[in-house]
Amino acid sequence: MARDTKYSLIGIVFAAVLAGGLAAGAQTAEQAWLGHGHFHGLPPVPMHVRALGHEPLEKTAVNELVKGIDNLYGSSPLIGGNSAEAGIVVGTADQVRAAYPALNLPSMLLPEAFWIGESDSGGKRAVVIAGGSERGVLYGTFALIRELATSGWTPGTTINESPAMPIRWVDEWDNPDGSIERGYAGRSIFFESGNIRQDLALVAEYARLLASVGINGVNVNNVNGASPFLTPDFIRGLKRIADAMRPWGVRLALSVDIASPQKIGGLPTFDPLDPAVKAWWTAKVNEIYAQIPDFGGFTVKADSEGQPGPASYGRTPADAANLLANALEAQGGVVLYRAFVYNHHADWRDPKADRARAAYDIFHPLDGKFATNVIVQTKEGPIDFQAREPVSPLFAGLRQTNQAMELEVTQEYTGQQRHLVYLAPMWKQVLDFDLRAGEQSTPVKEIIAGKSFNRPLGGMVAVAGVGREAWLGSPLALANLYAFGRLAWNPDLSPEEIAAEWTRQTISNDPEVVATVTKMLMQSWPAYENYTGPLGMQTLTDITGSHYGPNIESSENNGWGQWHRADHEGVGMDRSVSTGTGYAGQYPPEVAKIYESTATTPDELLLFFHHVPYTYRLHSGMTVIQHIYDSHYDGAAQAAEFASEWATLKGRIDPKLYEDVRDRLVYQTGHAIVWRDAVVQYFLKLSGIPDEKGRAGHYPGRLEAEDARLTGYKIIDVTPWEDASGGKAVSCGEADCAAEWSWSGQPGRYNIAIQYFDLPGGVAHFTLKVNGRPVDAWAADATLPSNHPHGDNSTRRIIHAVELKQGDMLRVEGIPDGADPAALDYIEVSPARAT
Ligand code: GCV
């Protein structure tokens, strides 16, 4: 990949403020980042497009150019013409060479590569897009649109790019009934009620979006429960999805259940070495290719979390992967075999048991045994998309096997799109991590690109989880999908520049808006890590439930193996070779040595690799327990900052977008406090060591519901206890209930926070009254997990600047509805800051 600006003429830079791209209405690719607003700046060259070829992807490229130019400059370009008229020329390298023989194109362009430069024939300047193939033409076109939308075209620029890795796919975990596993944006764009949806307009829009950042494959169905997708009816329906995506060069792939020959094929076995099973898969693959000639291939989850697998017959993952690979080979398909294979009934009493070891233990011995069209797909860390994990050692453990890295765009463990968490900085750390295989430089990005070990295939796959609610449910979450595509294309890009690019195209090109949004995005993952599970403890979320709110002990005393082993004395999992599970020894020696010792393990991963006392001093000089307290207070304060930073954008961006994101950030501020208080009070109780800053366990201005005068409300224990202040709340089993406190502070203006539980299955109503006068009333109408009062649904309402004097009566009235008992945790009264 190369990019150079031949001479430094400052070209036309389009910096005009644009109207918001995230407009309401139909769900389109424009809504995510292809809108580009309306710059109405001056175009760099005459808006006259000369198309040199007419293959389908070239036609798409020209259509996209027309749409992009229209969005940018407010008028459509003219199409056609000859070299004398052309302002933008679009074609394959061969077509460009024939039409512009004097132009100095690179001698070789790979099929997905493109070159963008200028021709100056007869004093007539044109911008030329030349693709290594029609696909390269399309990617080059999107690149030019991006360039125009973000910085404008600088005369003299040439851009010469090719993707870093061939596999750049998204996985969707969509089920036939239209639900989406770990999806947080509504229902499937592909399926409904056991069938393919009639209207596939959204699928085409999605393909546009993906192609615009170079993503070339979509695995459309859940890796769990995949067998129904291979029935003949379903395959005929899948053809329609493939047809809808094909104009953008996005290939369809499928998750398959390795037991399909038995489950839907009527065979008595699914043994990968059985000849009848082989014949079944070959026939099935041929049936698919008859409908979908450019079918991408299969993704497989086997012997994992209850999915059947080759282990049932004493066979290996290589046996299963090669069975499918052989069936696909003649047609050009590939197998993405997931290394997410582990025993979820592990013995938690066994100090040597360790889920983190599983992928390496199972797959490393099979290195070299996989067919050439198999790619082993490994999650970025050894556990499961936690807020922080070390890089999976398997990337260095497979040197004769193609590899892909799996990431999650859908924010399963990272706030489920209700929290702002821009994940590109985390992914970038993983991509850049040098595993030092063979004592050579082997950063993960080069391993998965096939460069380190000279592999023909490899890539990046993201579980995307898009749905029918604005793609990812929350506007700023789309930066993650964008960043995934950009990093899979070029892992050397920085998360900041990607964030700025996305902001410019989606929200505004106003430099202050770009700076503010970029800063917020960049701060969001560290903030989330701080107020959830720092020091490599993993996320500390409810791992047996929603994966959303806090539930610290849910990781312990069960077979799922996400243990952090917190006890009265200390915390962390000993994964050293000398005294622990030996996991650290799975890394190449230079890295293994770093993780083996507490002295060299970086603070942010200390508790992933070591069990230490709470009084252990980190490299930062702070004790572990004080770090736990501080990071949670810091993280919650950082989350509150996002709302303040966003407030500075009022009036500068689309008002609907402004309000939507503002409300989300206010919610996040409150939920970060739920997280902070849960983790802090848990470790305070467990360790018995006070917070040296005096915050843990002391909440000035907090008035507990269980201490109030209650009418109708009954006191309940909340489970887990740390999810409610003091472990208790009040719940209403009557038609209406009230909790009342008398205020004993100094007269003045106060903010009053009401912490309540917003349960699904009903819309409870609350009113705050001061001396009988209503000051606020609201409905508990959010959609949050857990059907009992829990950190998942604990929600904060803040009423600002209420005048109070000593003796005032504060009363919260709750009216339950359906399954929502208007449960209340506490109120907190704090001085209103003078503004
Ligand atoms: C599709 C995690 C998720 C599961 C997911 C699994 C996987 O365990 O919670 O929902 O299943 O990962 O990646 O297969």
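Going by the structure above, here's the rest.
Keep in mind that what you see is a predicted model, and the values were worked out from it rather than measured.

S.K.: What exactly am I supposed to notice about the overall build of the protein chain here?
M.R.: Helix and strand counts for the protein chain come out as 20 helices and 30 strands. Its C-alpha radius of gyration of 28 Å places the protein chain within 12% of the 28 Å reference for a compact globule of 835 residues. For the C-alpha atoms alone, the extent of the protein chain along its principal axes is close to 90 × 65 × 55 Å. Across the 835 residues of the protein chain, 63% fall into the buried class. A total of about 29200 Å² of accessible surface is found on the protein chain, and carbon and sulfur atoms cover 52% of it.

S.K.: What am I meant to see in the pairing of strand β5 (residues 114-121) here?
M.R.: As a general feature of sheets, a regular strand has side chains that alternate between the two faces. Counting buried positions along β5 yields six of eight residues, so the element is predominantly enclosed. Between the end of β5 and the start of strand β6 (residues 124-131), which pair antiparallel, lie two residues, with Gly-122 showing a positive phi angle near 60°. Bridge analysis of β5 against strand β7 (residues 157-161) gives three bridges, and the strand direction is antiparallel. When the bridges of β7 are listed, Phe-114 appears paired with Glu-161.

S.K.: I'm lost on the packing of helix α8 (residues 275-291) against helix α9 (residues 317-329) in this one. Help?
M.R.: When two helices pack together, their arrangement is given by the angle between their axes and by how far apart the axes lie. For the pair α8 and α9, the least separation of the axes is 9 Å and the interaxial angle reads 45°. By the criterion of interaxial angle, the relationship of α8 to α9 is oblique. When you trace α8 past α9, the crossing you get is right-handed. Each of Val-277, Lys-278, Trp-281, Thr-282, Val-285 and Tyr-289 in α8 lies in contact with α9, whose residues at this interface are Leu-323, Leu-324, Ala-327 and Leu-328. The residue makeup of the contact of α8 with α9, split by class, is eight nonpolar, one polar and one charged.

S.K.: Just checking my understanding: could you explain helix α4 (residues 134-150) for this structure?
M.R.: Because an α-helix packs 3.6 residues into every turn, residues spaced three or four apart end up facing the same way. Over its 17 residues, α4 runs 24 Å from end to end, which matches the ideal 24 Å to within 8%, given 1.5 Å per residue. Across the 17 residues of α4, 16 count as buried, placing the element largely inside the fold.

S.K.: How should I be thinking about the sheet that holds strand β12 (residues 251-256) in this particular structure?
M.R.: Note on sheets: strands pair through backbone hydrogen bonds, and any given pair is parallel or antiparallel. Judged by pairing direction, the barrel is parallel, and its eight strands sit side by side in the order β8-β11-β12-β13-β14-β15-β16-β17 before closing back on the first. In this sheet, adjacent strand axes meet at a mean angle of 25° when their direction is disregarded. Pairing between strand β15 (residues 374-379) and strand β16 (residues 402-408): five bridges, direction parallel. Looking at β16, one finds that Val-376 is bridged to Gln-403. Across the face of the sheet, α9 comes into contact with β12, β13 (297-300), β14 (334-338) and β15 while running at roughly 160° to β14.

S.K.: Help me understand the sheet that holds strand β24 (residues 737-742) in this model?
M.R.: With respect to topology, five strands assemble into an open sheet ordered β21-β24-β29-β26-β27, the strand pairing being antiparallel. Here the strands that pair on one side only, and so sit at the sheet edges, are β21 (709-711) and β27 (773-780). Going across the sheet, the axis of each strand differs from the next one's by a mean of 15°, ignoring polarity. Examined bridge by bridge, β24 and strand β29 (residues 809-815) share six bridges and lie antiparallel to one another. The partner of Glu-740 across the bridge, within β29, is Arg-811.

S.K.: Quick question: what am I supposed to make of the site of the ligand here?
M.R.: The environment of the ligand is formed by 14 residues, the closest being Glu-181, Lys-301, Arg-338, Lys-379 and Glu-412. Within the side chain of Arg-182, one N or O atom sits 2.9 Å away from an oxygen atom of the ligand. A distance of 2.6 Å is found between an oxygen atom of the ligand and a side-chain nitrogen or oxygen belonging to Arg-338. Taken by itself the ligand offers 340 Å² of open surface, and the protein chains cover 97% of this.

S.K.: What exactly am I supposed to notice about the packing of aromatic side chains here?
M.R.: Given two aromatic rings, one states the distance between the centres and the angle between the planes to describe the pair. Evaluation of the coordinates by the stated rule reveals 32 aromatic pairs. Taking the centre distance of 4.9 Å and the plane angle of 90° together, the rings of Phe-270 and Tyr-313 count as edge-to-face. With Phe-270 in the loop between α7 (260-263) and α8 and Tyr-313 in the loop between β13 and α9, this pair connects stretches of sequence that are 43 residues apart. Exposure remark for Phe-270: the relative accessible area of 6% places this residue in the buried category. Geometrically, the ring pair formed by Tyr-682 and Trp-721 is stacked, given 6.2 Å between the ring centres and 25° between the ring planes.

S.K.: Got a minute to help me understand the nonpolar core in this structure?
M.R.: General note: in soluble globular proteins, nonpolar side chains tend to be found buried as a group. Formed by 202 residues in total, the largest nonpolar core has its most connected members in Tyr-206, Ile-241, Leu-481, Trp-646 and Phe-683. Among the elements that make up this core, the one with the highest residue count is helix α20 (residues 655-687) (twelve residues). Among the nonpolar cores identified, the runner-up in size contains 28 residues, and Val-730, Tyr-750, Phe-766 and Ala-822 belong to it.

Rules used in this analysis
- Residues numbered from 1 in each chain as written.
- Predicted model: local features only at pLDDT ≥ 70, side-chain atom pairs only at ≥ 80, totals over all residues.
- Heavy atoms only, no water.
- Helix = DSSP H or I, 4+ residues; strand = E, 2+ residues; numbered from the N terminus.
- Rg over C-alpha atoms; globule rule 2.2 N^0.38 Å.
- Buried < 20%, exposed > 50% of the residue type's maximum accessible area, 1.4 Å probe, protein only.
- Areas by Shrake-Rupley, 256 points an atom, 1.4 Å probe, with all protein chains shown as cover.
- Pairing = 2+ DSSP bridges.
- Axes fitted to C-alpha atoms, helices over the stretch in contact; angles between N-to-C directions.
- Parallel < 35°, antiparallel > 145°, perpendicular 65-115°, else oblique.
- Left-handed = near helix turned anticlockwise from the far one by under 90°.
- Contact = heavy atoms within 4.5 Å.
- Nonpolar A, V, L, I, M, F, W, Y, C, P; charged D, E, K, R; others polar.
- Expected span 1.5 Å × (residues − 1).
- Near = heavy atom within 4 Å.
- Polar contact = N/O pair within 3.5 Å; in protein donor to acceptor, adjacent residues only side chain to side chain.
- Phe/Tyr/Trp six-rings, centres within 6.5 Å; stacked < 30°, edge-to-face > 60°.
- Core = buried A, V, L, I, M, F, W, Y, C linked by side-chain atoms within 4.5 Å.

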